[in-house]
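The residues making up each chain are set out below.
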Amino acid sequence: MAYEIKKAAVLGSGVMGSGIAAHLANIGIPVLLLDIVPNKLTEEEEAKGLTLEDRRIRNKFASTAVEKLVKQKPAPLTTKKNLSLIEVGNFEDDLDKLKDVDWVIEVVVENLEIKKALYEKIDAVRKPGTIITSNTSGISIEAMAEGRTEDFQKHFLGTHFFNPPRYLKLLEVIPTAKTAPEVLSFMLQFGEDRLGKGVVIAKDTPNFIANRIGTYGLLVTLREMEKRNYSIGEVDSVTGTLIGRPKSATFRTLDVVGLDTFMHVAKNAYDKTEGEEQQVFELPAFMQKMIDNGWLGAKAKQGFYLKKDREILELDIETFEYVPTKKLKTPSIEMAKQQKGLANKVKSLVYANDRTGEILWSILSPTLTYSAQLTGEIADDIVAIDNAMKWGFGWQQGPFEIWDAIGVAKSVERMKADGLTIPSFVEEMLAKGFDTFYKEEEGDLFFYNGDRYQPVPVNEKAIDLKRFKKKNGVIKKNSGASLVDLGDGIALLEFHSQSNAIGLDIIQMINFAVDEVEKNYKGLVIGNQGKNFCVGANLGMILMEAQDDNIFELDYTIRSFQNAMMRLKYSRKPVVAAPFQMALGGGAEVCLPAAHIQASMETYIGLVEVGVGLIPGGGGNVNLYTKHLKGLPNGVQVDIQYVANKVFETIAMAKVSTSAEEAKENNFLNFADGISVNPDHLLYDAKQAALALYEGGYLPPKKEKVPVTGDSGYATMLLGAEGMYLSGFISEHDLKIAKKLAFVLSGGKVPFGTLVDEQYLLDLEREAFLSLVAEPKSQQRMQHMLLKGKPLRN
């Protein structure tokens, strides 16, 4: 049968359950959120005369969880509007509603008997073909399905999300022996295409893949720290970004997760393993003492770290006192910073003959051999293990990629000398003369499967730009950008300057790209796979020119930027912008003139120039204003003052959307623009959008005059800003910037409703930008941002 998920139910409304419900609502799936019925009233509820029979009380747990979604940080919802897709209820009154859903996700307490009792009730009401999954993080999936009907067992499997579900990429899918193959393949595709996850198939073993290896690695780190007499801060200073792990490293991560939560995960592995492996999963005495003290981490306001009077202190595990945080400072750290690429950095650190090398080798070597020992037991191949660690724990390299980086043969020799047991499949690989787990041939990636090399499976929607360019080359490149042939008549303009900041090199490539695409291609996509889409114009260059009074040079740069944006807007072939993560300032200005924006769900877009004492200078003011006007339905009486006020507020307050969905509410995206839930599919989706526009007979927009609010509109916009200045909320310089911005958006000294050319508005924008860039206070703001990474209020 063909499966489709039109409606889902989540059973259990704790942090994970409500987070999964929010993620389903984010992708447009209506969801029923159920939980148990309370067995007693609070004093407050009794005082109000409520009883246990009141519907409000019976649904209390699910209702409270939904209310919390709005306040949680980071936000589980992409927009508050998605709350309307979540319906609440309870297990006693609403279980029969499960007959109307296509997928039931169980997220109740980690207790096998409680889960089995609930499944019995679900089995009685579900319609045949409904998929049932458990979000358990470690209970046996096979054991849960015992005693259920044949249809239930065919449609049952584990789907283990990572917290927070909106942001963490990993979804472990765990089938049982009786899961129907078509159900498994549907969930794999649904997980990737609709849920936007990186999906791996895990075997039904304790803690599955990521938590099994991640927990082992963390406990090895605790053991080695204690054994070798390192401090908590010293370990964190070398187990974070330095080796391609999250900034929270080891102990900050444990504080965020919560020591009690970590204890449950470790205990689950301890109870289900034996021998030497089991000993590793035993919590060290100092950690047990912390749990007994209630020092559980961030939620208890103290754990391995404690914030006291703005200072972050670390726990001394000997004295149990909090002391100033220490960091490791060794020659190898400085050497590693000079190395190019993460693989070379890690290699130089692991083999360093100093305190950094000692701790990293002692943590990594057992974790690598453990990962290899589990290959075949917890997952079918090394690719699933590497992906699980990258997507679930935020490692930039999985265990086998790290092993390749440090050299398999060299490290195995040293591991043997240390008395570590080398798993037979690694020994066999080396004996066959193969010395890496992965190899690349003509741009394609292969992995060792225990016998030979086979291609790493790739979804055609996941375009890996680095590999794609190795295979197919580029049309043209300079220091700031490359033009790449994406195939099927679509070209891609990829930014790759530092932070993808826009300078003259990128502007030059934009002009070249439009010329080339108009002549030889069907459409252009602007996208890349850096850390962020683009964080704005090259601020350092602007400040340098401003301090040297090179206003002529700046005028030329800003004029060139504006002209390039107009070329994108009026290109004869469709231009699709594909923003993701941060698209700020100039990054937003590149998106606004595009014929279509295909944004990643996690796109944080905004015109933030006010923060550095400027206003947008690349057509951002004009293009956001006209996008607002064009977004209004045909035939509706346009209130241009309302639109001008809204745009003024968005730019003056440097509003940044917290998702692509919110960017629609801020009018950076319109109703026709697209959102990609899976960031790996973004370039593919953008390419398809460009092709669809071309096939649909795309014509560029007509150059039309723009209605402006003029003198009276200028005064109206400034009313709020002047009030804020008089109340002391904004500075005199903020007010000066607001006046310049209002002047540009109102069209200057003209009557209300005057129709003006776009170029006239661009000239006003450029003049305002150049006058602000010459202001000492704006230059101070730019300098502060460049040095401190934070806005200055002066």
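Residues numbered from 1 in each chain as written. Predicted model: local features only at pLDDT ≥ 70, side-chain atom pairs only at ≥ 80, totals over all residues. Heavy atoms only, no water.

So, the overall build of the protein chain
Along the protein chain, the regular secondary structure elements total 34 helices and 25 strands. In summary, the protein chain has a C-alpha radius of gyration of 29 Å against a globular reference of 28 Å for 794 residues, a match within 12%. When the backbone C-alpha atoms are referred to their principal axes, the protein chain occupies close to 80 × 70 × 60 Å. Considering only contacts within the protein chain whose residues lie at least 6 apart along the sequence, 69% involve residues at least 24 apart. Put simply, the protein chain shows about 35000 Å² of open surface, and 52% of that area lies on carbon and sulfur atoms. The centroid of the 93 positive side-chain charges in the protein chain is displaced by 4 Å from the centroid of its 104 negative side-chain charges. (Helix = DSSP H or I, 4+ residues; strand = E, 2+ residues; numbered from the N terminus. Rg over C-alpha atoms; globule rule 2.2 N^0.38 Å. Contact = heavy atoms within 4.5 Å. Areas by Shrake-Rupley, 256 points an atom, 1.4 Å probe, with all protein chains shown as cover. Lys, Arg positive; Asp, Glu negative; His and termini not counted. Charge placed at Lys NZ, Arg CZ, Asp CG, Glu CD.)

With respect to the sheet that holds strand β11 (residues 322–324)
Taken together, 3 strands build an open sheet; the order of strands is β9-β10-β11 and the sheet is antiparallel. Every other strand in the sheet has two partners, leaving β9 (305–308) and β11 as the edge strands with one partner each. Shown here is a sheet whose adjacent strand axes are inclined to one another by a mean of 45 degrees, direction ignored. Of the strand pairs in this sheet, β9 and strand β10 (residues 311–315) are connected by 4 bridges, and their pairing is antiparallel. Residue pairing for β10: Lys307 is matched across the bridge by Ile312. (Pairing = 2+ DSSP bridges. Axes fitted to C-alpha atoms, helices over the stretch in contact; angles between N-to-C directions.)

Considerations on the sheet that holds strand β12 (residues 438–441)
With antiparallel pairing, 3 strands are arranged side by side in an open sheet as β12-β13-β14. Edge positions in the sheet fall to β12 and β14 (453–455), since each of these pairs with one other strand and no more. Within the sheet, the average angular offset between the axes of one strand and its neighbour, ignoring direction, is 35 degrees.

Topic: the nonpolar core
Leu98, Phe304, Trp403 and Phe437 are the most contacted members of the largest nonpolar core, which totals 109 residues. For this core, the leading source of residues is helix α17 (residues 355–374), giving 9 residues. Residue contacts for Phe304: discarding those within four places in its chain leaves Ile232, Phe251, Leu254, Asp255, Leu259, Phe286, Met287, Met290, Leu313, Glu314, Leu315 and Tyr322. Core analysis: the next-biggest nonpolar cluster, separate from the first, contains 101 residues, Leu492, Leu568, Val622 and Val708 among them. (Core = buried A, V, L, I, M, F, W, Y, C linked by side-chain atoms within 4.5 Å. Buried < 20%, exposed > 50% of the residue type's maximum accessible area, 1.4 Å probe, protein only.)

Some thoughts on the pairing of β12
By the bridge criterion, 4 bridges tie β12 to strand β13 (residues 444–448) in an arrangement that is antiparallel. Bridged to Tyr438 within β13 is Phe447. Hairpin connection from β12 to β13: 2 residues lie between these consecutive antiparallel strands, with Glu442 at a positive phi of about 50 degrees.

Describing the pattern of salt bridges
Here the structure, examined in full by the defined rule, presents 53 salt bridges. One salt bridge connects Asp488 with Lys687, and the closest N-O pair in it is separated by 2.9 Å. Remark: Lys687 occurs in helix α30 (residues 682–695) and Asp488 occurs in the loop between β16 (481–487) and β17 (490–495); sequence separation between them is 199 residues. The exposed category is assigned to Asp488, whose relative accessible area is 53%. According to the relative accessible area criterion, Lys687 is buried, its value standing at 9%. The partner of Arg559 in a salt bridge is Asp555, and the shortest N-O contact between them spans 3.2 Å. One end of the pair is Arg559 and the other is Asp555, both in helix α25 (residues 551–569) and 4 residues apart, which spans about a single turn. Overall, the relative accessible area of 37% leaves Arg559 in the partly exposed class. (Salt bridge = Lys/Arg side-chain N within 4 Å of Asp/Glu carboxyl O.)

Brief notes about the environment of Leu764
Tracing the backbone shows Leu764 in helix α33 (residues 758–773). Along the chain, Leu764 and Lys740 lie 24 residues apart, while their C-alpha atoms are 9.2 Å from each other. When near neighbours in sequence (up to four residues on either side) are disregarded, Leu764 contacts Phe743, Val744, Gly747 and Gly748.

Remarks on helix α5 (residues 112–125)
Counted at 1.5 Å a residue, the expected span for α5 with its 14 residues is 20 Å, and the 20 Å between its end C-alpha atoms agrees. All of the buried residues along α5 are Lys115, Leu118, Tyr119, Ile122 and Asp123. Within α5, the buried residues cover an arc of 145 degrees as seen down the axis, which keeps them to one side. Along α5, exposed side chains directed more than 90 degrees from the buried face belong to Glu113, Glu120, Lys121 and Ala124. The elements touched by buried residues of α5 are β1 (8–11), β4 (103–106), β5 (131–134), α6 (141–145), α7 (150–154) and β6 (156–161). Here α5 starts with a cap whose side-chain oxygen sits 2.9 Å from the backbone nitrogen of Glu113, and that cap is Asn111. (Expected span 1.5 Å × (residues − 1). Arc of directions from axis to C-beta. Polar contact = N/O pair within 3.5 Å; in protein donor to acceptor, adjacent residues only side chain to side chain.)

Notes on the state of the cysteines
This model, assessed by the stated rule, comprises 0 disulfides. You can see Cys534 has no disulfide; the closest cysteine sulfur is in Cys591, sitting 8.3 Å from it. According to the relative accessible area criterion, Cys534 is buried, its value standing at 0%. By relative accessible area, which is 0% here, Cys591 ends up buried. (Disulfide = S-S within 2.5 Å.)

A short note on the packing of aromatic side chains
Taken as a whole, this structure holds 24 aromatic pairs when the rule is applied. Ring geometry for Tyr351 and Trp361: centres 6.1 Å apart, planes at 35 degrees, overall tilted. Highlighted residues: Tyr351 in the loop between α16 (342–350) and α17 and Trp361 in helix α17, separated in sequence by 10 residues. The pair Tyr351 / Trp361 is uniform in exposure class, with both members buried. The cationic tip of Arg245 hangs over the ring face of Trp395; the distance from NZ or CZ to the ring centre is 3.6 Å. Across the ring face of Phe512, the terminal group of Lys476 is positioned such that the distance to the ring centre comes to 4.3 Å. (Phe/Tyr/Trp six-rings, centres within 6.5 Å; stacked < 30°, edge-to-face > 60°. Lys NZ or Arg CZ within 6 Å of the ring centre and 35° of its normal.)

Side note on the packing of helix α9 (residues 210–228) against α17
Axis separation between α9 and α17 bottoms out at 10 Å; the angle between their running directions is 150 degrees. Regarding α9 and α17, the two cross each other, and that crossing is right-handed. Contact residues: Arg212, Ile213, Tyr216, Gly217, Val220, Thr221, Arg223, Glu224, Met225 and Arg228 in α9; Arg355, Glu358, Ile359, Ser362, Ile363, Pro366, Thr367, Tyr370, Ser371 and Leu374 in α17. Class assignment of the residues belonging to the contact of α9 with α17 gives a composition of 9 nonpolar, 5 polar and 6 charged. (Left-handed = near helix turned anticlockwise from the far one by under 90°. Nonpolar A, V, L, I, M, F, W, Y, C, P; charged D, E, K, R; others polar.)

Observations regarding the packing of helix α27 (residues 620–630) against helix α28 (residues 640–652)
With their axes 10 Å apart at the nearest point, α27 and α28 run at an angle of 135 degrees to one another. Classified by the angle their axes make, α27 and α28 are oblique. Between α27 and α28 lies a crossing of right-handed hand. On the side of α27, the interface is formed by Asn621, Leu624, Tyr625, His628 and Leu629, while α28 contributes Ile640, Val643, Ala644, Lys646, Val647, Thr650 and Ile651. Of the residues that constitute the contact of α27 with α28, the class distribution is 8 nonpolar, 3 polar and 1 charged. (Parallel < 35°, antiparallel > 145°, perpendicular 65-115°, else oblique.)

Side note on unusual backbone geometry
Looking along the chain, the bond that leaves Lys73 and enters Pro74 is cis, with omega of -10 degrees. Relative to the helices and strands, Pro74 is located in the loop between α4 (60–71) and β3 (86–90). Following Asn163, the chain continues to Pro164 via a peptide bond in cis, the omega torsion being 0 degrees. Mapping Pro164 onto the fold places it in the loop between β6 and β7 (170–175). Positive phi, close to 70 degrees, is recorded for Arg310, a residue that is not glycine. Mapping Arg310 onto the fold places it in the loop between β9 and β10. Overall, Arg310 belongs to the exposed group, its relative accessible area being 80%. The backbone phi angle of Asp488 is positive, close to 60 degrees, even though this residue is not glycine.

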